[in-house]
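What the coordinates show
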Amino acid sequence: MEQPSPHVDQWVRYAACADEDPELWFPRDPHEQGYPKSVCRSCLVKDQCLDLAMAAEGSSSHEKRYGVFGGMAPADRARMAANARRRNKRAAS
Ligand code: SF4
């Protein structure tokens, strides 16, 4: 099987959400994140998708992150970013 390219314009065609309503990935109610997360779980390009979201969001707070990417909600990604910052700080000291 062909492997997804690291370039977004190449891997996006493998997205499991390609034929879904994009609004489902941006629920106002966090209790509605279950469906997009379940689709992401089986997505062939979830790692690339999550990497792209994390790079784009940088060290943004939870409130400045939107949508489900790579199976992770804004709060999940904010925690991941905070953990990465702590690891980097520890490694640098
Ligand atoms: S991981 Fe989720 S949001 Fe990202 S491309 Fe796949 S289905 Fe879409």
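Now for a look at the structure at hand. (Residues numbered from 1 in each chain as written. Predicted model: local features only at pLDDT ≥ 70, side-chain atom pairs only at ≥ 80, totals over all residues.)

1. A short note on the overall build of the chain
As a reminder, the rule being used: A run of H or I in DSSP becomes a helix once it reaches four residues, and a run of E becomes a strand once it reaches two; helices and strands are each numbered from the N terminus. To assign burial, the other C-beta atoms lying within 10 Å of each residue's own C-beta are counted, with C-beta atoms placed from the backbone; 20 or more indicates buried, 12 or fewer indicates exposed, and intermediate counts indicate partly exposed. Each residue gets a C-beta atom placed from its backbone, and two residues are in contact if those atoms lie within 7 Å.
In terms of helices and strands, the chain carries 4 helices and 0 strands. Overall, the chain shows an N-to-C arrangement of helices and strands of α-α-α-α. Structurally, the chain occupies a C-alpha span of about 45 × 35 × 20 Å along its principal axes. Here the chain, with 93 residues, has 14% of them falling under the buried criterion. Long-range pairs, those at least 24 residues apart, make up 50% of the contacts in the chain with a sequence separation of at least 6.

2. Some words on the environment of N83
Along the polypeptide, N83 turns up in helix 4 (residues 74–92). With 10 C-beta atoms packed within 10 Å, N83 lands in the exposed category. The spacing of N83 and E63 is 20 residues in sequence and 17 Å in space, taken between C-alpha atoms.

3. Some details on the site of the ligand
Applicable threshold: Only the C-beta atom matters for nearness: placed from the backbone, it must lie within 6 Å of the molecule or strand for the residue to count as near. Residue polarity is assigned by list, with Asp, Glu, Lys and Arg as charged and Ala, Val, Leu, Ile, Met, Phe, Trp, Tyr, Cys and Pro as nonpolar; anything else, Gly included, falls into the polar class.
In the vicinity of the ligand there are 13 residues, among which A15, C17, C40, C43 and C49 approach most closely. Of all the secondary-structure elements, those providing two or more residues to the shell around the ligand are helix 2 (34–41) and helix 3 (46–57). Per-class residue counts for the shell around the ligand are 10 nonpolar, 2 polar and 1 charged.

4. Thoughts on the packing of helix 3 against helix 4
How we decide: For helices, the axis comes from a line fit to the C-alpha atoms of the stretch in contact; other axes are also lines fit to C-alpha atoms, and the angle between any two N-to-C directions lies between 0 and 180 degrees. With respect to orientation, any angle under 35 degrees is reported as roughly parallel, any angle over 145 as roughly antiparallel, any angle of 65 to 115 as roughly perpendicular, and every other angle as oblique.
It is at 11 Å that the axes of helix 3 and helix 4 come closest, and there the two elements cross at 70 degrees. Here helix 3 lies roughly perpendicular to helix 4, going by the angle between them. Contact with helix 3, carried on its side by A53, M54 and E57, involves R77, M80 and A81 of helix 4 and no other residues of that element. Of the residues assigned to the contact of helix 3 with helix 4, the class counts are 4 nonpolar, no polar and 2 charged.

5. Here we look at the environment of E63
By the secondary structure assignment, E63 is in the loop between helix 3 and helix 4. The class of E63 is exposed, set by 9 C-beta atoms lying within 10 Å. For the pair E63 and P74, spaced 11 residues apart in sequence, the C-alpha separation works out to 7.6 Å.

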